[in-house]
Amino acid sequence: MEKFIVQGGKRLEGAVHINGAKNSVLPILAATLINAGENILHNCPDLRDVDSAIKILRYLGCRVERSGKTITVNSAGMDRWDIPHELMREMRSSVIFLGPIIARCGRARLSMPGGCELGPRPIDLHLGALSKLGVEISEERGEIVCRSGSMRGRDIILSFPSVGATENIMLAATACSGVTRIITAAREPEIYDLQQFLIKTGAAISGAGESEITVTGGKTRNDASHSIMPDRIEAATYLCAAAACGGSIMLEDAEPEHVGTMISSLAEAGCDIKIAGRRITIDSERPLGHIPPVRTMPFPGFPTDAQAQLMAAACVAQGSTLFLETIFENRFRHVGELVRMGADIRVSGRAAVVSGVERLHGAPVRCTDLRGGAALIIAALCAEGESEISDIYHVDRGYEHMEKTIASLGGRIRRI
Ligand code: EPZ
């Protein structure tokens, strides 16, 4: 299995191009099933999760071509409506294919998406909403079997602004007769990107980015071409790396308004952050100042996907920082590995208190999940000595050749 070998202690200097967003390209790839046409997606990141989504599209009968950052999906030839267990297991978020398969085929069969490193990943909000739209759902030997008679739009109130559930309802609602209103919808920018793609296919949809999204069902039959929005979590990750290691980094093709909470946390800790259009520059001197308390929340609050990365920076910041993880029940698995590098962190349930130390030291550590792995890389880059980071397949799911980007900034990291 591949590993990263990191020699810590170097400042990071240079420019980083921010890639297209993993959490936008995945639901939009799923959405290409609906219009039975030729869809061209630009600015697609080169990630393992994207490879998994392409495998599913091809299994379902679509023709998928990739050329650099452009993926072309022709879904006219779709001739299946099930996703087998082995493909579902590869990527837990494959549940996002449920809505589009039902919208296109009127039925769907998927194996229950397993839990993942973040804990059980229930889909009760997805299934509850789909059944309200008229989808009959049964469970057979660990598989979800859906049949939709005549699907009718209606008001759906989500008890929690689930990103995936909001997306699945938007996608299924395109095939409902009448109007579907999602009330207390998730407001993440990736949902707005999905709406913009759907509008290009002919969907009558509005409100994404706000708490109420309205979809009027009808034929979404136009071929669509769309450029994926920048990855706000990738941008947040590199901001944390610069803050932890010290240095001067410029992020290009970023969306500053999507990383406002991270910018605010790091500016409070003494980083000098400037915004010019789609460029963000950060200048940071060690030691990093005190990072104020962090509570993860649905957008526009602090993103849970950036919690681990900021925690890595907090390990070498002044004072103590309280982290409250309100979104996932098991998203501190990176703590044990950070402690192996000399971090001083106390966890109690969904709260973690990080007391900054002078220096972390290199150690052999293991990635526990995608964003936890990014946190270990940040910690290793600012530690003294050498770290060996294993299970890096987690990192490759959501970061495009991360070691190349870090090496271009002067970080001493290599993949073996
Ligand atoms: C999306 O996951 C993202 N993944 C996650 O990013 C992100 O952490 C999450 O949204 C929150 O922002 C993609 O977009 C592919 P949720 P999703 O439904 O849709 C509970 C990363 O690192 N819940 O908003 O699965 C759930 O257990 C990944 O890029 C239910 O209880 O997130 C969790 O505690 C990790 N029932 C909370 O809601 C449901 O039916 C948030 O889940 C659905 C969710």
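Note that the coordinates shown come from a computational prediction; the quantities given were computed from them, not determined experimentally.

### Quick look at helix H1 (residues 22–31)
Okay, so step 1: With nine of its 10 residues buried, H1 lies for the most part within the structure.
Okay, so step 2: Along H1, the residues classified as buried are Lys22, Ser24, Val25, Leu26, Pro27, Ile28, Leu29, Ala30 and Ala31.

### Some remarks on the pairing of strand E14 (residues 224–227)
Okay, so step 1: In E14, alternate side chains face the same way, and those of Ala224 and His226 are buried while those of Ser225 and Ser227 on the opposite face are not.
Okay, so step 2: Of the pairings in the sheet, the one linking strand E3 (residues 38–42) to E14 comprises four bridges and is parallel in character. Across the sheet, residue leucine 41 finds its bridge partner in E14, namely histidine 226.

### Some details on the sheet that holds strand E13 (residues 212–216)
Okay, so step 1: A sheet is described by the order of its strands in space; here four strands give the open sequence E10-E11-E13-E12, paired in mixed fashion. Edge strands, defined here as strands with exactly one partner in the open sheet, are strand E10 (155–157) and strand E12 (204–206). Across the sheet, the mean angle separating the axes of adjacent strands is 10 degrees when strand polarity is ignored.
Okay, so step 2: Relative to E13, strand E11 (residues 179–183) runs antiparallel, the two being bridged by five bridges. Within E13, the residue paired with arginine 181 across the bridge is threonine 214.
Okay, so step 3: Lying on the sheet, helix H6 (residues 163–173) is in contact with E10, E11, E12 and E13; it crosses E11 at an angle near 175 degrees.

### A short note on the side chain of glutamate 234
Okay, so step 1: Relative to the helices and strands, glutamate 234 resides in helix H8 (residues 232–245).
Okay, so step 2: An unpaired buried charge is present at glutamate 234: no salt bridge exists, and lysine 69, the closest side chain of opposite charge, is 7.8 Å distant.
Okay, so step 3: Within polar-contact distance, the side chain of glutamate 234 engages the backbone nitrogen of asparagine 19 at 2.7 Å.
Okay, so step 4: If near-sequence neighbours (up to four positions away) are discounted, glutamate 234 is found in contact with His17, Ile18, Asn19 and Tyr399.

### Let's talk about the packing of aromatic side chains
Okay, so step 1: According to the stated counting rule, one finds zero aromatic pairs in the structure shown.
Okay, so step 2: The side chain of arginine 80 reaches across the aromatic face of tyrosine 59, ending 4.0 Å from its centre.

### Section: the environment of cysteine 271
Okay, so step 1: Structurally, the position occupied by cysteine 271 is in the loop between helix H9 (260–268) and strand E16 (272–276).
Okay, so step 2: Take cysteine 271: its relative accessible area is 6%, and that puts it in the buried class.
Okay, so step 3: The residues touching cysteine 271, leaving out its near neighbours within four places in the chain, are Ala243, Leu266, Ile282, Asp283, Ser284 and Leu288.

### A short note on the pattern of salt bridges
Okay, so step 1: On inspection of all chains with the given rule, the structure shows 24 salt bridges.
Okay, so step 2: One salt bridge connects lysine 274 with aspartate 272, and the closest N-O pair in it is separated by 2.6 Å.
Okay, so step 3: Look at lysine 274 and you get partly exposed, because its relative accessible area is 48%.
Okay, so step 4: Given the relative accessible area of 36%, aspartate 272 is considered partly exposed.
Okay, so step 5: What emerges from the salt-bridge pattern is a single network uniting Glu2, Asp396, Glu403 and Arg415.

### Thoughts on the site of the ligand
Okay, so step 1: Close to the ligand lie 22 residues; Asp124, Leu125, Ser162, Asp305 and Ile327 are nearest.
Okay, so step 2: In the environment of the ligand, an oxygen atom lies 2.7 Å from a nitrogen or oxygen atom belonging to the side chain of serine 162.
Okay, so step 3: Residue aspartate 305 places a side-chain N or O atom 2.5 Å away from an oxygen atom belonging to the ligand.
Okay, so step 4: Of all elements in the fold, only H1, helix H5 (124–132), H6 and helix H12 (370–382) reach the threshold of two or more residues within the shell around the ligand.
Okay, so step 5: Looking at the shell around the ligand element by element, the count peaks at three residues for H5.
Okay, so step 6: Of the residues that constitute the shell around the ligand, the class distribution is nine nonpolar, six polar and seven charged.
Okay, so step 7: Here the shell around the ligand spans two domains, since at least three of its residues come from each of domain 1 (4–19 + 230–415) and domain 2 (22–227).

### Describing the domain arrangement of the protein
Okay, so step 1: Each assigned domain of the protein is listed here: domain 1 (4–19 + 230–415) and domain 2 (22–227).
Okay, so step 2: Here domain 1 and domain 2 have C-alpha centroids that lie 30 Å from each other.
Okay, so step 3: The interface is formed by 27 residues belonging to domain 1 together with 20 residues belonging to domain 2.
Okay, so step 4: In total, about 2,100 Å² of surface goes out of reach between domain 1 and domain 2, with carbon and sulfur atoms giving 52% of it.
Okay, so step 5: Considering only the surface of domain 1 that becomes buried against domain 2, Phe299, Arg397 and Glu400 emerge as the three largest contributors, covering 28% of it.
Okay, so step 6: One can count three salt bridges joining domain 1 with domain 2.
Okay, so step 7: We note a salt bridge from aspartate 49 to arginine 397, for which the minimum N-O separation is 2.8 Å.
Okay, so step 8: Summed over the shared surface of domain 1 and domain 2, the number is nine residue pairs in polar contact (both at pLDDT 80 or more).
Okay, so step 9: Contributions of two or more residues to the side of domain 1 that touches domain 2 are made by H12 and helix H13 (393–398).
Okay, so step 10: Considering every element that reaches the side of domain 1 that touches domain 2, the biggest residue donor is H13, with five residues.

The rules behind the values
- Residues numbered from 1 in each chain as written.
- Predicted model: local features only at pLDDT ≥ 70, side-chain atom pairs only at ≥ 80, totals over all residues.
- Heavy atoms only, no water.
- Buried < 20%, exposed > 50% of the residue type's maximum accessible area, 1.4 Å probe, protein only.
- Helix = DSSP H or I, 4+ residues; strand = E, 2+ residues; numbered from the N terminus.
- Pairing = 2+ DSSP bridges.
- Axes fitted to C-alpha atoms, helices over the stretch in contact; angles between N-to-C directions.
- Contact = heavy atoms within 4.5 Å.
- Lys, Arg positive; Asp, Glu negative; His and termini not counted.
- Salt bridge = Lys/Arg side-chain N within 4 Å of Asp/Glu carboxyl O.
- Polar contact = N/O pair within 3.5 Å; in protein donor to acceptor, adjacent residues only side chain to side chain.
- Phe/Tyr/Trp six-rings, centres within 6.5 Å; stacked < 30°, edge-to-face > 60°.
- Lys NZ or Arg CZ within 6 Å of the ring centre and 35° of its normal.
- Near = heavy atom within 4 Å.
- Nonpolar A, V, L, I, M, F, W, Y, C, P; charged D, E, K, R; others polar.
- Domains from an automatic or database assignment.
- Buried area = accessible area lost by both parts, 1.4 Å probe.

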